[in-house]
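Chain by chain, the residues:
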Amino acid sequence: MAEISPDLFRRWYRSFEEDTDDQAVYRPADFPFPPSRAPRPGFELRPGGAYVEYAAGPVDGAVASPGRWEPGEGDAVRVRAGAASRLLHIVAHDDQVLRIRR
Amino acid sequence: MDTADIVETPVRRRCGSEDVHRRLLNESLNYRLNRAAIENLAFAFATGQEQPSRAEVVTVPVVVHVVFGADEQNVSDEQIDSQIAVLNEDFRATNADVANVPPVWQGLVADARLEFRRASVDPQGNPTDGVTRRRTDVLSFSDDEAVKFTARGGADAWPADRYLNVWVCRLGGGLLGYAQFPGGPPATDGVVITHTGFGTTGTAAAPFNLGRTTTHEIGHWLNLFHIGGDDGTGCSGTDFVSDTPNQAGQNFGTPSFPSVTCNNGPDGDMFVNYMDYTDDAAMFMFTHGQILRVEACLAGPRQGLITAAGSPPPDSAPANSAPANSAPANSAPANRAPADAAPVGGE
(Lines give C-alpha, C1' and ligand atoms only; values in the text may rest on other atoms or scores of the structure.)
Protein backbone atom coordinates (compact mmCIF):
# COMPACT_ATOMS: atom_id res chain seq x y z
CA MET A 1 0.00 0.00 0.00
CA ALA A 2 1.89 3.05 -1.26
CA GLU A 3 -0.34 5.59 0.44
CA ILE A 4 -2.78 5.10 3.23
CA SER A 5 -6.12 6.80 3.46
CA PRO A 6 -6.49 9.73 5.86
CA ASP A 7 -9.48 7.82 7.26
CA LEU A 8 -6.99 5.53 8.93
CA PHE A 9 -5.26 8.27 10.92
CA ARG A 10 -7.00 7.76 14.22
CA ARG A 11 -7.07 5.47 17.22
CA TRP A 12 -8.82 2.20 16.45
CA TYR A 13 -10.35 0.04 19.17
CA ARG A 14 -10.79 -3.70 18.77
CA SER A 15 -14.46 -4.62 18.40
CA PHE A 16 -14.18 -8.31 19.31
CA GLU A 17 -17.90 -8.77 19.19
CA GLU A 18 -17.87 -8.12 15.44
CA ASP A 19 -14.87 -10.28 14.56
CA THR A 20 -15.36 -12.99 11.99
CA ASP A 21 -13.33 -16.10 11.33
CA ASP A 22 -11.07 -14.27 8.93
CA GLN A 23 -11.38 -10.62 9.96
CA ALA A 24 -10.52 -8.61 13.06
CA VAL A 25 -12.79 -5.60 13.34
CA TYR A 26 -11.80 -2.22 14.76
CA ARG A 27 -13.93 0.85 15.46
CA PRO A 28 -13.25 4.47 16.40
CA ALA A 29 -13.66 5.79 19.94
CA ASP A 30 -17.22 6.99 19.47
CA PHE A 31 -18.59 3.62 18.40
CA PRO A 32 -21.22 2.54 20.97
CA PHE A 33 -19.16 -0.22 22.57
CA PRO A 34 -20.64 -1.98 25.59
CA PRO A 35 -19.03 -0.41 28.67
CA SER A 36 -16.13 -2.28 30.18
CA ARG A 37 -13.69 -1.95 33.08
CA ALA A 38 -10.97 -3.31 30.81
CA PRO A 39 -9.60 -1.03 28.13
CA ARG A 40 -9.99 -2.32 24.60
CA PRO A 41 -6.71 -3.00 22.85
CA GLY A 42 -6.05 -1.21 19.64
CA PHE A 43 -3.65 0.95 17.73
CA GLU A 44 -3.23 4.33 16.18
CA LEU A 45 -1.71 5.34 12.86
CA ARG A 46 -0.51 8.91 12.64
CA PRO A 47 0.51 10.97 9.61
CA GLY A 48 4.26 10.93 9.12
CA GLY A 49 4.83 7.35 10.22
CA ALA A 50 4.19 7.36 13.96
CA TYR A 51 2.39 4.32 15.30
CA VAL A 52 1.07 3.57 18.80
CA GLU A 53 -0.06 0.20 20.03
CA TYR A 54 -2.47 0.06 22.98
CA ALA A 55 -2.75 -2.85 25.41
CA ALA A 56 -4.59 -3.32 28.70
CA GLY A 57 -2.83 -1.55 31.56
CA PRO A 58 -2.78 -1.91 35.35
CA VAL A 59 -4.90 1.16 36.12
CA ASP A 60 -7.58 0.50 33.48
CA GLY A 61 -6.28 2.90 30.89
CA ALA A 62 -4.36 1.40 28.02
CA VAL A 63 -0.58 1.20 28.01
CA ALA A 64 0.77 2.80 24.87
CA SER A 65 3.82 1.45 23.05
CA PRO A 66 5.16 3.89 20.49
CA GLY A 67 6.49 2.71 17.17
CA ARG A 68 6.48 3.36 13.45
CA TRP A 69 4.41 2.32 10.47
CA GLU A 70 5.40 2.12 6.82
CA PRO A 71 3.58 1.08 3.67
CA GLY A 72 3.83 -2.58 2.75
CA GLU A 73 2.96 -4.30 -0.48
CA GLY A 74 -0.60 -4.48 -1.72
CA ASP A 75 -3.09 -3.95 1.09
CA ALA A 76 -0.47 -4.23 3.81
CA VAL A 77 0.91 -1.79 6.34
CA ARG A 78 3.96 -2.84 8.34
CA VAL A 79 3.86 -1.73 11.96
CA ARG A 80 6.58 -1.90 14.58
CA ALA A 81 6.29 -1.27 18.30
CA GLY A 82 9.06 -2.28 20.64
CA ALA A 83 10.70 -5.40 19.30
CA ALA A 84 7.55 -6.61 17.56
CA SER A 85 6.87 -6.12 13.88
CA ARG A 86 3.82 -7.29 11.99
CA LEU A 87 1.93 -6.75 8.78
CA LEU A 88 -1.63 -5.47 8.88
CA HIS A 89 -3.56 -6.60 5.83
CA ILE A 90 -6.35 -4.07 5.50
CA VAL A 91 -9.37 -5.73 3.97
CA ALA A 92 -11.74 -2.77 4.12
CA HIS A 93 -12.07 0.53 5.86
CA ASP A 94 -13.85 3.83 6.04
CA ASP A 95 -14.05 6.32 8.87
CA GLN A 96 -16.34 4.07 10.91
CA VAL A 97 -14.84 0.61 10.59
CA LEU A 98 -11.53 -1.06 9.86
CA ARG A 99 -11.31 -4.73 8.91
CA ILE A 100 -7.99 -6.52 9.08
CA ARG A 101 -7.27 -10.03 7.82
CA ARG A 102 -6.66 -12.45 10.71
CA MET B 1 1.65 3.39 33.36
CA ASP B 2 1.44 7.07 32.88
CA THR B 3 1.97 8.91 29.67
CA ALA B 4 5.37 9.99 30.92
CA ASP B 5 6.53 6.55 29.87
CA ILE B 6 5.58 7.21 26.29
CA VAL B 7 8.64 8.64 24.69
CA GLU B 8 8.65 8.96 20.96
CA THR B 9 12.14 9.25 19.61
CA PRO B 10 12.43 12.47 17.66
CA VAL B 11 12.94 11.70 14.01
CA ARG B 12 15.06 14.81 13.54
CA ARG B 13 16.39 17.52 15.75
CA ARG B 14 13.94 20.38 16.02
CA CYS B 15 13.88 23.43 18.17
CA GLY B 16 12.39 22.39 21.48
CA SER B 17 11.90 18.73 20.76
CA GLU B 18 15.09 17.73 22.55
CA ASP B 19 13.87 19.56 25.62
CA VAL B 20 10.53 17.78 25.49
CA HIS B 21 12.28 14.47 25.02
CA ARG B 22 14.55 15.08 28.01
CA ARG B 23 11.64 16.23 30.16
CA LEU B 24 9.67 13.09 29.42
CA LEU B 25 12.67 10.90 30.10
CA ASN B 26 13.26 12.65 33.40
CA GLU B 27 9.62 12.39 34.42
CA SER B 28 9.66 8.74 33.56
CA LEU B 29 12.78 8.24 35.66
CA ASN B 30 11.20 10.12 38.56
CA TYR B 31 8.12 7.97 38.27
CA ARG B 32 10.15 4.79 38.40
CA LEU B 33 12.04 6.01 41.46
CA ASN B 34 8.81 7.07 43.17
CA ARG B 35 7.20 3.73 42.46
CA ALA B 36 10.15 1.82 43.88
CA ALA B 37 9.99 3.82 47.12
CA ILE B 38 6.22 3.38 47.36
CA GLU B 39 6.43 -0.37 46.86
CA ASN B 40 9.24 -0.65 49.39
CA LEU B 41 7.01 1.05 51.96
CA ALA B 42 4.07 -1.20 51.04
CA PHE B 43 6.37 -4.19 51.51
CA ALA B 44 7.43 -2.92 54.93
CA PHE B 45 3.77 -2.71 55.98
CA ALA B 46 2.96 -6.11 54.48
CA THR B 47 5.81 -7.77 56.38
CA GLY B 48 5.17 -6.02 59.68
CA GLN B 49 8.35 -3.93 59.66
CA GLU B 50 6.06 -0.92 59.68
CA GLN B 51 2.74 -0.73 61.49
CA PRO B 52 -0.25 1.44 60.67
CA SER B 53 -0.27 4.27 63.19
CA ARG B 54 -3.31 6.17 62.01
CA ALA B 55 -5.76 6.46 64.88
CA GLU B 56 -8.61 8.24 63.21
CA VAL B 57 -10.81 7.98 60.19
CA VAL B 58 -9.51 10.25 57.45
CA THR B 59 -11.97 12.26 55.40
CA VAL B 60 -10.64 12.92 51.90
CA PRO B 61 -11.58 16.24 50.27
CA VAL B 62 -12.91 15.52 46.80
CA VAL B 63 -13.20 17.82 43.82
CA VAL B 64 -15.39 16.57 41.00
CA HIS B 65 -14.59 18.09 37.61
CA VAL B 66 -17.63 17.64 35.39
CA VAL B 67 -16.53 18.07 31.76
CA PHE B 68 -19.51 17.80 29.46
CA GLY B 69 -20.04 17.96 25.73
CA ALA B 70 -23.81 17.52 25.96
CA ASP B 71 -26.27 18.57 28.64
CA GLU B 72 -26.96 15.02 29.79
CA GLN B 73 -23.27 14.58 30.59
CA ASN B 74 -23.49 17.52 32.99
CA VAL B 75 -24.25 15.25 35.91
CA SER B 76 -26.36 16.66 38.70
CA ASP B 77 -25.25 17.37 42.23
CA GLU B 78 -27.56 14.55 43.24
CA GLN B 79 -25.66 12.11 41.02
CA ILE B 80 -22.36 13.32 42.49
CA ASP B 81 -23.64 12.90 46.03
CA SER B 82 -24.95 9.44 45.24
CA GLN B 83 -21.39 8.50 44.26
CA ILE B 84 -19.87 9.95 47.40
CA ALA B 85 -22.43 8.07 49.48
CA VAL B 86 -21.30 4.81 47.86
CA LEU B 87 -17.65 5.59 48.61
CA ASN B 88 -18.54 6.29 52.23
CA GLU B 89 -20.04 2.84 52.51
CA ASP B 90 -17.49 0.89 50.51
CA PHE B 91 -14.42 2.38 52.23
CA ARG B 92 -16.00 1.78 55.67
CA ALA B 93 -17.28 -1.72 54.87
CA THR B 94 -20.79 -0.55 55.75
CA ASN B 95 -22.22 -1.39 52.32
CA ALA B 96 -25.34 -3.53 52.72
CA ASP B 97 -24.16 -6.08 50.15
CA VAL B 98 -21.06 -6.92 52.17
CA ALA B 99 -23.37 -9.58 53.60
CA ASN B 100 -23.08 -11.33 50.22
CA VAL B 101 -19.37 -12.02 50.70
CA PRO B 102 -19.02 -15.81 50.79
CA PRO B 103 -18.63 -17.01 54.40
CA VAL B 104 -15.07 -18.19 53.80
CA TRP B 105 -13.97 -14.59 53.21
CA GLN B 106 -16.17 -12.75 55.69
CA GLY B 107 -13.26 -12.62 58.13
CA LEU B 108 -11.14 -10.84 55.55
CA VAL B 109 -13.52 -7.92 55.00
CA ALA B 110 -11.67 -4.72 55.90
CA ASP B 111 -12.72 -1.20 56.85
CA ALA B 112 -10.38 1.25 55.08
CA ARG B 113 -11.36 3.96 57.58
CA LEU B 114 -11.57 6.48 54.76
CA GLU B 115 -14.46 8.79 54.14
CA PHE B 116 -15.00 11.25 51.35
CA ARG B 117 -16.61 14.63 51.17
CA ARG B 118 -16.91 17.30 48.53
CA ALA B 119 -14.22 19.90 49.20
CA SER B 120 -15.52 23.07 50.78
CA VAL B 121 -12.42 25.21 50.33
CA ASP B 122 -10.83 25.65 46.92
CA PRO B 123 -7.07 25.91 46.26
CA GLN B 124 -7.24 29.69 46.62
CA GLY B 125 -8.94 29.43 49.99
CA ASN B 126 -12.39 30.38 48.78
CA PRO B 127 -15.60 28.54 49.63
CA THR B 128 -16.56 25.91 47.06
CA ASP B 129 -19.11 23.17 46.59
CA GLY B 130 -16.31 20.85 45.44
CA VAL B 131 -17.56 20.69 41.87
CA THR B 132 -16.18 22.38 38.76
CA ARG B 133 -18.23 22.35 35.57
CA ARG B 134 -16.97 22.98 32.07
CA ARG B 135 -18.61 22.61 28.67
CA THR B 136 -16.24 21.13 26.11
CA ASP B 137 -16.08 20.64 22.36
CA VAL B 138 -14.48 17.24 22.85
CA LEU B 139 -17.00 14.56 21.82
CA SER B 140 -15.41 11.90 23.98
CA PHE B 141 -12.23 11.64 25.97
CA SER B 142 -9.81 8.74 26.07
CA ASP B 143 -7.15 7.60 28.49
CA ASP B 144 -4.71 10.15 27.01
CA GLU B 145 -5.21 12.53 29.99
CA ALA B 146 -6.69 15.37 27.91
CA VAL B 147 -9.66 15.64 30.31
CA LYS B 148 -7.21 16.71 33.02
CA PHE B 149 -6.09 19.86 31.23
CA THR B 150 -8.12 22.99 30.55
CA ALA B 151 -5.99 23.65 27.47
CA ARG B 152 -6.98 20.28 26.01
CA GLY B 153 -10.72 20.66 26.54
CA GLY B 154 -10.80 19.34 30.09
CA ALA B 155 -10.26 20.84 33.53
CA ASP B 156 -6.97 21.33 35.37
CA ALA B 157 -6.36 19.30 38.49
CA TRP B 158 -6.51 20.84 41.92
CA PRO B 159 -3.38 20.23 44.02
CA ALA B 160 -3.16 16.48 44.26
CA ASP B 161 -1.53 16.48 47.68
CA ARG B 162 -4.70 17.99 49.18
CA TYR B 163 -7.57 16.79 47.05
CA LEU B 164 -8.78 13.68 45.32
CA ASN B 165 -9.47 14.84 41.77
CA VAL B 166 -12.37 13.05 40.10
CA TRP B 167 -13.07 13.83 36.46
CA VAL B 168 -16.49 12.90 35.12
CA CYS B 169 -16.90 13.02 31.35
CA ARG B 170 -17.85 10.89 28.40
CA LEU B 171 -15.11 8.32 27.84
CA GLY B 172 -14.82 6.76 24.39
CA GLY B 173 -13.95 3.19 23.50
CA GLY B 174 -16.48 1.83 26.01
CA LEU B 175 -14.09 2.57 28.90
CA LEU B 176 -15.75 2.97 32.30
CA GLY B 177 -12.88 4.65 34.06
CA TYR B 178 -9.17 4.81 34.70
CA ALA B 179 -6.84 5.90 37.45
CA GLN B 180 -3.26 6.83 38.27
CA PHE B 181 -1.13 5.09 40.87
CA PRO B 182 0.49 7.24 43.56
CA GLY B 183 3.89 8.56 42.56
CA GLY B 184 2.84 9.94 39.18
CA PRO B 185 2.68 13.54 37.99
CA PRO B 186 0.41 15.72 40.20
CA ALA B 187 -1.21 17.33 37.15
CA THR B 188 -2.76 14.00 36.15
CA ASP B 189 -3.32 12.52 39.61
CA GLY B 190 -6.82 11.26 40.32
CA VAL B 191 -9.50 9.14 38.69
CA VAL B 192 -11.58 9.55 35.54
CA ILE B 193 -15.05 8.05 35.34
CA THR B 194 -17.45 7.96 32.42
CA HIS B 195 -20.70 9.66 33.39
CA THR B 196 -22.80 6.53 32.80
CA GLY B 197 -20.68 4.63 35.34
CA PHE B 198 -20.76 7.36 37.97
CA GLY B 199 -23.03 7.33 41.00
CA THR B 200 -26.32 5.54 41.31
CA THR B 201 -28.80 7.92 39.73
CA GLY B 202 -29.13 10.30 36.78
CA THR B 203 -27.21 8.95 33.79
CA ALA B 204 -25.74 5.95 35.64
CA ALA B 205 -26.68 2.84 33.68
CA ALA B 206 -26.85 -0.83 34.66
CA PRO B 207 -24.89 -2.97 35.25
CA PHE B 208 -22.48 -0.20 36.30
CA ASN B 209 -24.91 1.99 38.21
CA LEU B 210 -23.95 1.21 41.78
CA GLY B 211 -20.91 3.46 41.93
CA ARG B 212 -18.33 0.67 42.03
CA THR B 213 -16.28 1.93 39.09
CA THR B 214 -15.23 4.87 41.24
CA THR B 215 -14.55 2.59 44.21
CA HIS B 216 -12.32 0.44 41.97
CA GLU B 217 -10.45 3.39 40.49
CA ILE B 218 -9.86 4.96 43.91
CA GLY B 219 -8.48 1.57 44.91
CA HIS B 220 -5.82 2.04 42.24
CA TRP B 221 -5.29 5.63 43.33
CA LEU B 222 -4.54 4.18 46.78
CA ASN B 223 -1.99 1.79 45.24
CA LEU B 224 -4.08 -1.35 44.86
CA PHE B 225 -3.52 -3.64 41.91
CA HIS B 226 -6.01 -5.90 40.16
CA ILE B 227 -6.32 -9.11 42.10
CA GLY B 228 -5.76 -11.03 38.87
CA GLY B 229 -2.17 -9.85 38.92
CA ASP B 230 -2.04 -7.97 35.60
CA ASP B 231 -0.37 -10.81 33.73
CA GLY B 232 -3.26 -11.53 31.41
CA THR B 233 -4.71 -14.89 32.36
CA GLY B 234 -1.46 -16.25 33.77
CA CYS B 235 -1.02 -17.57 37.30
CA SER B 236 2.31 -15.95 38.10
CA GLY B 237 1.16 -12.35 38.41
CA THR B 238 0.51 -10.88 41.83
CA ASP B 239 -1.33 -8.01 43.47
CA PHE B 240 1.28 -8.02 46.28
CA VAL B 241 -1.45 -8.83 48.78
CA SER B 242 -1.20 -12.04 50.80
CA ASP B 243 -4.85 -12.59 51.66
CA THR B 244 -6.31 -12.37 48.17
CA PRO B 245 -6.22 -15.77 46.44
CA ASN B 246 -3.91 -16.23 43.50
CA GLN B 247 -6.17 -16.18 40.47
CA ALA B 248 -5.74 -16.21 36.71
CA GLY B 249 -7.30 -13.21 34.99
CA GLN B 250 -9.96 -10.75 35.97
CA ASN B 251 -13.58 -11.91 36.21
CA PHE B 252 -16.53 -10.32 34.45
CA GLY B 253 -20.27 -10.17 34.95
CA THR B 254 -21.68 -11.84 38.04
CA PRO B 255 -19.83 -15.12 38.60
CA SER B 256 -21.08 -17.90 40.84
CA PHE B 257 -19.08 -19.06 43.84
CA PRO B 258 -16.73 -20.85 43.60
CA SER B 259 -14.87 -19.99 40.42
CA VAL B 260 -11.63 -21.97 40.51
CA THR B 261 -8.49 -21.03 38.55
CA CYS B 262 -4.76 -21.52 39.17
CA ASN B 263 -5.45 -24.45 41.53
CA ASN B 264 -7.00 -22.02 44.01
CA GLY B 265 -9.80 -24.35 45.05
CA PRO B 266 -11.92 -24.99 46.92
CA ASP B 267 -12.78 -21.30 47.34
CA GLY B 268 -11.42 -20.04 44.03
CA ASP B 269 -11.15 -16.49 42.73
CA MET B 270 -12.19 -13.64 45.01
CA PHE B 271 -14.38 -12.13 42.31
CA VAL B 272 -16.35 -10.25 44.98
CA ASN B 273 -13.34 -7.98 45.52
CA TYR B 274 -13.56 -4.36 44.39
CA MET B 275 -10.30 -4.84 42.48
CA ASP B 276 -11.72 -7.51 40.19
CA TYR B 277 -13.63 -6.60 37.00
CA THR B 278 -17.07 -7.92 37.92
CA ASP B 279 -20.30 -5.95 37.62
CA ASP B 280 -21.15 -3.37 40.27
CA ALA B 281 -23.67 -5.71 41.87
CA ALA B 282 -21.06 -8.46 42.26
CA MET B 283 -18.21 -6.68 44.11
CA PHE B 284 -18.45 -5.90 47.80
CA MET B 285 -15.13 -5.96 49.67
CA PHE B 286 -11.52 -5.00 50.27
CA THR B 287 -9.32 -7.33 52.34
CA HIS B 288 -7.11 -6.58 55.33
CA GLY B 289 -4.05 -7.11 53.17
CA GLN B 290 -5.27 -4.60 50.64
CA ILE B 291 -5.93 -2.05 53.35
CA LEU B 292 -2.37 -2.52 54.65
CA ARG B 293 -1.26 -1.28 51.23
CA VAL B 294 -3.67 1.63 51.57
CA GLU B 295 -2.18 2.43 54.99
CA ALA B 296 1.30 2.41 53.46
CA CYS B 297 0.05 4.74 50.75
CA LEU B 298 -1.41 7.13 53.32
CA ALA B 299 1.79 7.00 55.37
CA GLY B 300 3.85 7.68 52.26
CA PRO B 301 2.86 9.32 49.00
CA ARG B 302 -0.60 10.44 50.09
CA GLN B 303 0.20 11.64 53.60
CA GLY B 304 -0.73 15.18 52.51
CA LEU B 305 -4.36 14.09 52.49
CA ILE B 306 -4.19 13.28 56.18
CA THR B 307 -2.84 16.75 56.82
CA ALA B 308 -5.49 18.29 54.57
CA ALA B 309 -8.23 16.38 56.32
CA GLY B 310 -6.81 16.79 59.79
CA SER B 311 -7.13 20.51 60.41
CA PRO B 312 -9.97 20.88 62.91
CA PRO B 313 -13.18 22.30 61.53
CA PRO B 314 -14.35 25.59 63.00
CA ASP B 315 -17.26 23.99 64.80
CA SER B 316 -15.10 21.01 65.89
CA ALA B 317 -17.71 18.38 65.21
CA PRO B 318 -16.60 15.36 67.24
CA ALA B 319 -17.26 12.77 64.56
CA ASN B 320 -13.60 12.19 63.82
CA SER B 321 -12.35 12.38 67.37
CA ALA B 322 -13.85 9.13 68.60
CA PRO B 323 -11.79 5.95 68.36
CA ALA B 324 -11.93 4.76 64.81
CA ASN B 325 -13.66 1.50 65.56
CA SER B 326 -16.48 3.07 67.50
CA ALA B 327 -17.28 5.90 65.15
CA PRO B 328 -20.38 5.07 63.19
CA ALA B 329 -19.94 5.50 59.49
CA ASN B 330 -21.50 8.51 57.93
CA SER B 331 -22.31 9.95 61.32
CA ALA B 332 -21.37 13.46 60.34
CA PRO B 333 -24.20 15.67 59.21
CA ALA B 334 -24.01 16.59 55.57
CA ASN B 335 -23.60 20.25 56.32
CA ARG B 336 -20.71 19.78 58.69
CA ALA B 337 -18.21 22.60 58.47
CA PRO B 338 -15.15 21.98 56.35
CA ALA B 339 -12.16 20.14 57.66
CA ASP B 340 -10.48 19.96 54.34
CA ALA B 341 -7.99 21.78 52.25
CA ALA B 342 -6.33 24.69 53.83
CA PRO B 343 -5.57 27.50 51.43
CA VAL B 344 -2.49 26.97 49.38
CA GLY B 345 -0.59 29.37 47.28
CA GLY B 346 -0.75 27.42 44.08
CA GLU B 347 1.53 24.71 42.81
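Above: the structure in question.
Note that the structure is a prediction, hence the values are computed from the model and not measured.

Cut-off values and rules
- Residues numbered from 1 in each chain as written.
- Chains lettered and ligands numbered in written order.
- Predicted model: local features only at pLDDT ≥ 70, side-chain atom pairs only at ≥ 80, totals over all residues.
- Heavy atoms only, no water.
- Pairing = 2+ DSSP bridges.
- Helix = DSSP H or I, 4+ residues; strand = E, 2+ residues; numbered from the N terminus.
- Axes fitted to C-alpha atoms, helices over the stretch in contact; angles between N-to-C directions.
- Buried < 20%, exposed > 50% of the residue type's maximum accessible area, 1.4 Å probe, protein only.
- Disulfide = S-S within 2.5 Å.

A. The sheet that holds strand β6 (residues 76–81) of chain A, seen in detail. Residues and elements named next belong to chain A. Strand order in the closed barrel made by the eight strands is β1-β2-β8-β7-β6-β5-β4-β3, with antiparallel pairing throughout. Adjacent strand axes in the sheet meet at a mean angle of 35°, parallel and antiparallel pairs treated alike. In this structure, strand β7 (residues 84–93) lies alongside strand β8 (residues 98–101), joined through three bridges in antiparallel fashion. By the bridge assignment for β8, Ala92 is matched with Arg99.

B. Highlighting the pairing of β8 of chain A. Residue and element names in this part refer to chain A. Only one face of β8 is buried: it carries Leu98 and Ile100, and the other face, with Arg99 and Arg101, is open. Judged from the four bridges that link them, strand β2 (residues 23–27) and β8 form a sheet pairing that is antiparallel. Directly across from Val25, in β8, lies its bridge partner Arg99. Counted along the chain from β7 to the antiparallel partner β8, the turn is four residues long.

C. Inspection of the state of the cysteines at higher detail. Residue and element names in this part refer to chain B. Tallying each qualifying case throughout the model produces one disulfide over all chains. Covalent S-S linkage joins Cys235 and Cys262, the inter-sulfur distance amounting to 2.0 Å. A torsion of -90° about the S-S bond marks the disulfide between Cys235 and Cys262 as left-handed. Taken together, the residues span a long stretch of sequence, with Cys235 in the loop between α3 (212–221) and α4 (288–299) and Cys262 in the loop between α3 and α4 at a distance of 27 residues. Residue classification places Cys235 among the partly exposed positions, given a relative accessible area of 39%.

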